[in-house]
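Summary of structural features
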Amino acid sequence: IVILLRGLPGSGKSRLAKLLKDIEVQHCPSAASVRIVSIDDCYMQEKTKKVKNPATKKYETQTTMVYEWEDDMEDVYRQSMAKAMGKYLKSNVYNFILVDDWCPTVADMETYRQYAVESKAEVFVVHCGGAEDPKRAAADFELCIEQNTHDIPRK
């Protein structure tokens, strides 16, 4: 099974993916049977900075992971994720794959769908957030902007 989670940044895709994985792990004897493929992981960059240690008063190098949005890399990351998903499907290690990608267009979802169909996986698309009523959709958009933790530009 492949579930494509799409929606605006901040709409809850990553949270839903983690919840679905947790539920599946609770009900499935093999925790390794579930895999989340998230475009967020592609934007994570390792950064180092000097931080003063309060105990020693000396500066130490600290490494953290930081989300860095790169608009021009989105298509490259999406292609890479789709290929990885295809390999996971062919390996038969994972029987449940959750794809967490905002997929602004149907064409963006198509690459994932093609890999899934080639592997004879069942595909479901879940749109997170966003209402069909224009007034509600505008409110949902504003809520997504508020909840967006990645500083993705408003466009």
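Below is a short write-up of the structure. (Residues numbered from 1 in each chain as written. Predicted model: local features only at pLDDT ≥ 70, side-chain atom pairs only at ≥ 80, totals over all residues. Heavy atoms only, no water.)

1. Considerations on the side chain of D108
For D108, the position within the fold is in helix α4 (residues 106–118). One polar contact links D108 to T105, side chain to side chain, over a distance of 3.0 Å. Contact partners of D108, with chain neighbours within four places excluded, come to D75, R78 and C103. (Helix = DSSP H or I, 4+ residues; strand = E, 2+ residues; numbered from the N terminus. Polar contact = N/O pair within 3.5 Å; in protein donor to acceptor, adjacent residues only side chain to side chain. Contact = heavy atoms within 4.5 Å.)

2. Considerations on the packing of aromatic side chains
Taken as a whole and judged by the stated rule, the model has 4 aromatic pairs. Arranged with centres 4.9 Å apart and planes meeting at 85 degrees, the rings of Y43 and Y77 form a pair that is edge-to-face. On the criterion of sequence distance, the pair formed by Y43 in the loop between α2 (39–42) and β3 (44–52) and Y77 in helix α3 (residues 74–91) is long-range, its members being 34 residues apart. For the residue pair Y43 and Y77, the accessibility class agrees, reading buried in each case. An aromatic cluster of three or more residues is present, and its members are Y43, Y67, W69 and Y77. (Phe/Tyr/Trp six-rings, centres within 6.5 Å; stacked < 30°, edge-to-face > 60°. Buried < 20%, exposed > 50% of the residue type's maximum accessible area, 1.4 Å probe, protein only.)

3. Considering the sheet that holds strand β6 (residues 123–127)
Taken in spatial order, the 4 strands make up an open sheet running β2-β5-β1-β6, and their pairing is parallel. With partners counted over all chains shown, the strands left at the sheet margins are β2 (34–38) and β6, one partner each. Strand after strand, the sheet turns through a mean of 15 degrees between neighbouring axes, direction not considered. Here strand β1 (residues 2–6) runs beside strand β5 (residues 96–100); their pairing, made up of 4 bridges, is parallel. (Pairing = 2+ DSSP bridges. Axes fitted to C-alpha atoms, helices over the stretch in contact; angles between N-to-C directions.)

4. Some thoughts on the packing of α3 against α4
Relative to each other, α3 and α4 sit at 15 degrees, their axes nearing to 9 Å. When the interaxial angle is binned, α3 and α4 end up roughly parallel. Read as a crossing pair, α3 and α4 show a hand that is right-handed. From α3, D75, R78, Q79, M81, A82, K83, M85, G86 and L89 reach across to α4, where they touch D108, T111, Y112, Y115 and A116. Residue classes in the contact of α3 with α4 are distributed as 7 nonpolar, 3 polar and 4 charged. (Parallel < 35°, antiparallel > 145°, perpendicular 65-115°, else oblique. Left-handed = near helix turned anticlockwise from the far one by under 90°. Nonpolar A, V, L, I, M, F, W, Y, C, P; charged D, E, K, R; others polar.)

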